[in-house]
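# Summary of the model geometry
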Amino acid sequence: MAQNQNNKSDLMGTIVSLAKRRGFVFQSSEIYGGLNSCWDYGPLGVELKRNVKDAWWRAMVTNRRDIVGIDASILMHPRVWEASGHLSGFSDPLVDCKKCKERFRADHLENLDRCPKCGGELTEVRRFNLMFKTFMGPVEDSSATVYMRPETAQGILVNFLNVQQAARLKPPFGIAQIGKSFRNEITPGNFTYRTREFEQMEMEFFTPPDQDSKWYEYWREARLQWYKDYGIKPEHLRLRDHEKDELAHYAKACVDVEYLFPFGWSELEGIANRTDYDLKQHSQFSGKDLAFFDDETKSHYFPYVIEPAAGADRATLAFLVDAYDTEGEGKDERVVLRFHPALAPVKVAVLPLVKRDGMPEIGEKIYRDLLDHSIKSFYDHASSIGRRYARQDEAGTPFCLTVDSQTLEDQTVTLRERDSREQYRVASGQIVEVVGKKLREAMKFR
Ligand code: GAP
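As the structure is a prediction and not an experimental result, all values here were calculated from the model.

## Some points on the sheet that holds strand β20 (residues 377-379)
- Spatial strand order, β20-β19-β21-β22-β23: 5 strands in an open sheet with mixed pairing. Pairing within the sheet leaves two strands with one partner each, and these edge strands are β20 and β23 (423-427). This sheet shows a mean twist of 25 degrees between the axes of neighbouring strands, independent of strand direction.
- Judged from the 5 bridges that link them, strand β22 (residues 412-417) and β23 form a sheet pairing that is antiparallel. Residue V413 lies in a different strand from β23, and its bridge partner there is V426.
- Along the sheet, helix α10 (residues 359-372) contacts β19 (348-352), β20, β21 (399-403) and β22; its crossing angle with β20, the most-contacted strand, is approximately 160 degrees.
- Here helix α13 (residues 431-442) sits on the sheet in contact with β19, β21, β22 and β23, set at roughly 20 degrees to β22.

Below you can see the structure in the form of structure tokens.
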């Protein structure tokens, strides 16, 4: 049964407790009372998030001839953030309540007269820079100040010439990166949706200036399609163009891919036309000419940058929420996570029907074989088969394989598919081939 729209406000709470119970996400430092807005991925969560990042990397780098990857450091020269505009402009308007001391983003409040929580008086609006500061080396003064990067994009932009020359690329081409970013958000919240430490998946696509609109259109559609390809229901996705007054100072156009979270339509990813702003700024601030010289046409120009910027944690949360479904009614209601097979943390569960008659040994052998072929699997011989199926549905495992008494006679096992509930027999020696083929088929369009 699809999750009822009326239960939406409860759904987030249900997801948070399921995430903890099944080991998707735990609160950071929980035994010390937790650290606000910081989360740890557990055994299932880390697989899910890795699969999301791998799916992104496949679509953006592995399967393309025009995009390469990098892995830049989190700490960068402080001048980077002057050039990018983050030091002067990366701030949110902030007010404090003088009575209860609660802090709010001024642009999220309808009324700046009174505290929405206790009615107390609010302070004047102040700008609050979102970058985390730290010191490099033993001396803690302003000359040693460095910042935790608030976006991965700048690590790509400052490496434009290095990558272009080393990989002998000519625009249009892209540079992609996945990595941690840090923002001292004033109002983090909604579980892993807005946190202070998060992972981004960003790609800067460098185009000749006269091709910017074409590539902007291309990436808007391509990025929306990616979420659909990996199973998010199309009616839960939309593109929202930014109004002119919403645009960042560097952007000519920007669109958000939004997902209908239980807390409303919210940004998953932004696709921006950053123009030639960044390369020009870094040229000016570093004194190094980052313009591209085209040998064929003998032209010298600053490429425009089209940037699809996604969040790995937000995407993972959206895939988790969208996969959530239930079957049965009342006390028989059970959770089924309908992950796309490419994203599912575990692909196959191997379940001997009973713990005797040689069934565990056969199961162990199949399990070993699956692992040897890099098919992430799980072996479980405890409790009733119904309960074991239910646990696997709740973890989103697309295939369950049962070793039963017929296996002892004809060396076949039962393969059960999570979504269709279809069950059929497969020769135990062919499991790797059959499941491997099904997984490849499910992933074929990428
Ligand atoms: N380089 C452009 C840039 O960073 P952004 O819209 O600020 O653009 C891109 O960030 C994506 O990074 C967002 O769409 C979101 O998925 C993710 N993101 C940004 N801030 C985040 C936060 N505080 N917590 C979790 N994810 C965040």
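There's more to say after this.
## Regarding unusual backbone geometry
- P171 connects to P172 through a cis peptide bond whose omega is 5 degrees.
- By the element assignment, P172 lies in the loop between α6 (160-166) and β9 (173-182).
- Located in the positive-phi region is S29, a residue other than glycine, with phi close to 50 degrees.
- For S29, the position within the fold is in the loop between β1 (25-27) and β2 (39-41).
- In this structure, F191 takes a positive phi of about 60 degrees despite not being glycine.
- As for its placement among the helices and strands, F191 is situated in the loop between β9 and β10 (197-207).
- For F191, a relative accessible area of 9% puts it in the buried group.

Cut-offs and rules
Residues numbered from 1 in each chain as written. Predicted model: local features only at pLDDT ≥ 70, side-chain atom pairs only at ≥ 80, totals over all residues. Heavy atoms only, no water. Pairing = 2+ DSSP bridges. Helix = DSSP H or I, 4+ residues; strand = E, 2+ residues; numbered from the N terminus. Axes fitted to C-alpha atoms, helices over the stretch in contact; angles between N-to-C directions. Contact = heavy atoms within 4.5 Å. Buried < 20%, exposed > 50% of the residue type's maximum accessible area, 1.4 Å probe, protein only.

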